[in-house]
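# Results of the structural survey
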Amino acid sequence: MLRPNDTKGKLIVVEGIDGSGKSTQIDLLHKWLLSKGYSVYFSEWNSSALVKSTTKAAKKAQSFTPATFSILHCTDFADRWENSIYPLLKAGVIVVADRYAFTAFARDVARGNDPQWVRDMYSFAIKPDVALYFRVPLDIAVERITGSRAKLKYYEAGMDLELSESYEESFKIFQGRILNEYDQMVDEFGLTMIDGTLPVKEQQKKVRALVKKMLKGFEGLPNPGKHPIVVKNPQARNKEDQGGN
Amino acid sequence: MARKEFYGAGFPYRDFGKLTGKLIVLEGSDGVGRSTQIKHVRRWLEDEGYAVADTGLTRSELTGPGLDAAKSGHTLGPTTMSLFYAADFADRLENHIIPALQAGFVVLSDRYFYSMIARDSLRGIEKSWSQALYGIALRPHLILYLRASVPSLVQRLIHGRGLNYWESGMDLNLADNLYDSFVLYQTQIIQELEKLALEYNFVGIDADRTPHEIFEDLKRPIRLLLQNRLTKSERPF
């Protein structure tokens, strides 16, 4: 399954369905850790420039199948893993990840892929030191997303699964399946559940308490300037798909 | 929902129905003459009245551009590279090979995932990981392995398309020049392929001979397959 952490660094991940508020929480945590003088690297799901440039055309043509969709997301993850996450963990950095392998375990299985096959594919990755699962009831999450964003995208709404003709209806069914997968992973991977309906500040308090406990005695790589870490990519990062991760 | 037509779970979200065609894989080292043989086999089978499709010579539209970009500079790690190839493989399998088999074609595949496992294992990728990944793969009806010695590969390539960076495994820093690197790299690849040959029941064909002689040898197991007369040791399952 996932390997134990054999590095000098620490890995913190946030998970949850779209609209669970996890990105807000990891952003606050990232800034807080920086202010404490830790070396911190923020990694975002689906953000490898190389993979993005190749999948753009396929997304447009809607030519993914559940298997190719799954493998290409793992390719994206592997690129970030090999070029930034793993070497930085080795160096003693705290890596905070907005979504991790669990996102694939939830989404790819909700798309109909074999659960064990997806898990085996990610077995080169490390088990996080803290894995936070922000749980919100389905209708609240759906409302947060459909209310705040103009238009759902094809794959985001799970339209490839032909669950419904309506984007909103399909999104709802698809997110329900994903939520179900997440709930089952709480025990399987020891995810820490955080109630995503609580006020932002209260959630952050819980998050910091958990992280503080985990970091007891941790030294890590010094960061006297309190700067965030930027990994330079040979190709320019494409920021236009923000939010639809 | 593992089906015995697949090495692992296959594509559990889709029911492909009955695959009436035959999948024949041609494996073998770089420069062994696979594409020439596929041309001959194709013409021969078509003369015999079979509908034939071949695959593997061109990349899938899905990942082709990405793989080309990767090879031309961007530093992709071995796992990333391996997954890129797997995505390409899955795309070809689902969108080309399986539909052709549904339609009753004889599909000739220029390589399959076995050579990817061989090349990845030399780059530190665990074999068990690769094998789990290729649990999506359909079991071929016949795997023909063109077995050639390194000197004959060198001779063929130098009088053909020449030695290149990837086929010489220059990324592995085995030697400081294409020739030495090619010899070391292909020797190791052949060792890996030989292990896979036992594991997956390849039918070995001596490829240190003329193209015509190789072709004549290839015909025998193909003919037996199409008459449902392959022996157990010649069948991949």
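Residues numbered from 1 in each chain as written. Chains lettered and ligands numbered in written order. Predicted model: local features only at pLDDT ≥ 70, side-chain atom pairs only at ≥ 80, totals over all residues.

So, about the overall build of chain B. A count of helical and extended segments in chain B gives 8 helices and 5 strands. Shown N-terminal to C-terminal, the secondary structure of chain B runs as helices and strands in the order β-α-β-α-α-β-α-α-β-α-α-β-α. Computed over C-alpha atoms, the radius of gyration of chain B comes to 18 Å, within 12% of the 18 Å expected from 2.2 N^0.38 for 237 residues, which places it in the range of a compact globule. Dimensions of chain B, computed from C-alpha atoms along their principal axes, come out at roughly 50 × 40 × 30 Å. Looking at chain B as a whole, 43% of its 237 residues qualify as buried. (Helix = DSSP H or I, 4+ residues; strand = E, 2+ residues; numbered from the N terminus. Rg over C-alpha atoms; globule rule 2.2 N^0.38 Å. Buried ≥ 20, exposed ≤ 12 C-beta atoms within 10 Å, placed from the backbone.)

Residues and elements named next belong to chain B. Spatial ordering of the open sheet is given by β2-β3-β1-β4-β5, a layout of 5 strands whose pairing is parallel. The outermost strands of the open sheet, each flanked by one partner alone, are β2 (52-55) and β5 (203-206). Recorded for the sheet is a direction-independent mean angle of 20° between the axes of neighbouring strands. Relative to β5, strand β4 (residues 142-147) runs parallel, the two sharing 4 bridges. Residue pairing in the sheet places Leu 144 in a bridge with Val 203 of β5. Along the sheet, helix α1 (residues 34-47) makes contact with β1 (22-28), β2, β3 (106-110) and β4, crossing β3 at roughly 170°. Docked against the sheet, helix α8 (residues 211-226) engages β1, β4 and β5, running at close to 165° with respect to β4. (Pairing = 2+ DSSP bridges. Axes fitted to C-alpha atoms, helices over the stretch in contact; angles between N-to-C directions. Contact = placed C-beta atoms within 7 Å.)

Quick look at α1 of chain B now. Residue and element names in this part refer to chain B. Helix length check: α1 (14 residues) gives 20 Å between terminal C-alpha atoms against 20 Å at 1.5 Å per residue, within 8%. Along α1, the residues that are buried comprise Arg 34, Gln 37, Ile 38, Val 41 and Leu 45. One face of α1 carries all of its buried residues, which in axial projection span an arc of 100°. Pointing more than 90 degrees away from the buried face of α1 are the exposed residues Ser 35, Arg 43, Glu 46 and Asp 47. Looking one or two places after α1, you find Gly 49, whose phi comes out positive at around 100°. (Expected span 1.5 Å × (residues − 1). Arc of directions from axis to C-beta.)

Another aspect to go through is the environment of Leu 221 of chain A. All names here are of chain A. Within the fold, Leu 221 resides in the segment after α8 (200-214). Exposure remark for Leu 221: the 16 C-beta atoms within 10 Å place this residue in the partly exposed category. Along the chain, Leu 221 and Ile 94 lie 127 residues apart, while their C-alpha atoms are 8.6 Å from each other. What Leu 221 contacts, discounting residues up to four positions off in sequence, is Ser 39, Ala 91, Gly 92 and Val 93.

What follows deals with the packing of α1 of chain B against α8 of chain B. Residues and elements named next belong to chain B. Two elements in contact, α1 and α8, have axes separated by 10 Å at closest approach and are oriented at 55°. Taken as axis vectors, α1 and α8 run oblique relative to one another. Crossing of α1 over α8 shows right-handed handedness. From α1, Thr 36, Gln 37, His 40, Val 41 and Trp 44 reach across to α8, where they touch Pro 211, Ile 214, Phe 215, Leu 218, Lys 219 and Ile 222. Here the contact of α1 with α8 is composed, by residue class, of 7 nonpolar, 3 polar and 1 charged. (Parallel < 35°, antiparallel > 145°, perpendicular 65-115°, else oblique. Left-handed = near helix turned anticlockwise from the far one by under 90°. Nonpolar A, V, L, I, M, F, W, Y, C, P; charged D, E, K, R; others polar.)

Turning next to the sheet that holds strand β2 (residues 40-44) of chain A. All names here are of chain A. Taken in spatial order, the 5 strands make up an open sheet running β2-β3-β1-β4-β5, and their pairing is parallel. Looking at the sheet topology across the chains shown, the edges are occupied by β2 and β5 (192-195). The sheet shows a mean angle of 20° between the axes of neighbouring strands, taken without regard to direction. Here strand β4 (residues 130-135) runs beside β5; their pairing, made up of 4 bridges, is parallel. The residue of β5 that forms the bridge with Arg 135 is Asp 195. Its contacts with the sheet put helix α3 (residues 66-90) on β1 (10-15), β2 and β3 (94-98), and the angle it makes with β2 is roughly 155°.

To continue, consider unusual backbone geometry. Residues and elements named next belong to chain A. Positioned with a positive phi, Arg 99 is a non-glycine residue whose angle comes to about 80°. For Arg 99, a count of 23 C-beta atoms within 10 Å puts it in the buried group. A positive phi angle is found at Glu 162, which is not glycine, with a value near 55°. Structurally, the position occupied by Glu 162 is in the loop between α6 (138-148) and α7 (167-189).

Another point: the interface of chain A and chain B. Contacts between the two partners involve 28 residues from chain A and, on the opposite side, 28 residues from chain B. Looking at the side of chain A that touches chain B, the elements that each hand over two or more residues are α2 (49-61), α3 and α5 (115-121) of chain A. A total of 11 residues in the side of chain A that touches chain B trace back to one element, the largest contributor, which is α3 of chain A. Split into classes, the residues belonging to the side of chain A that touches chain B amount to 13 nonpolar, 10 polar and 5 charged.

This part takes up the pairing of β4 of chain A. Residue and element names in this part refer to chain A. Most of β4 sits inside the fold, with 6 of its 6 residues counted as buried. Side chains Val 130, Leu 132 and Phe 134 of β4 all project onto a buried face; the interleaved residues Ala 131, Tyr 133 and Arg 135 project onto the opposite face, where all are buried too. Across 4 bridges, β1 lies against β4 in parallel orientation. Counted as the bridge partner of Val 13 is Ala 131 from β4.

Right, let's talk about the confidence of the model for chain B for a bit. For chain B, mean pLDDT is 91; residues scoring 70 or higher make up 91% of the total. For this predicted complex, the interface score ipTM comes out at 0.89, alongside a pTM of 0.90. (pLDDT = per-residue confidence, 0-100.)

Below, the discussion takes up the pairing of β2 of chain B. All names here are of chain B. Burial of β2 is one-sided: the residues Val 52 and Asp 54 facing one way are buried, the residues Ala 53 and Thr 55 facing the other way are not. Note: β2 against β3, 4 bridges, orientation parallel. For Ala 53, the partnering residue across the bridge sits in β3 and is Val 107.

Before going further, it helps to spend a moment on the nonpolar core. Within the largest apolar cluster, 127 residues are counted, with the highest numbers of intra-cluster contacts made by Val 95 of chain A together with Ile 24, Val 107, Leu 144 and Leu 146 of chain B. With 13 residues, the single largest contributor to this core is helix α3 (residues 78-102) of chain B. Those residues within four positions of Val 107 of chain B in sequence are excluded, and the remaining contacts are Gly 21, Leu 23, Ile 24, Ala 53, Thr 55, Ile 97, Ala 100 and Leu 101 of chain B. (Core = buried A, V, L, I, M, F, W, Y, C linked by C-beta atoms within 7 Å.)

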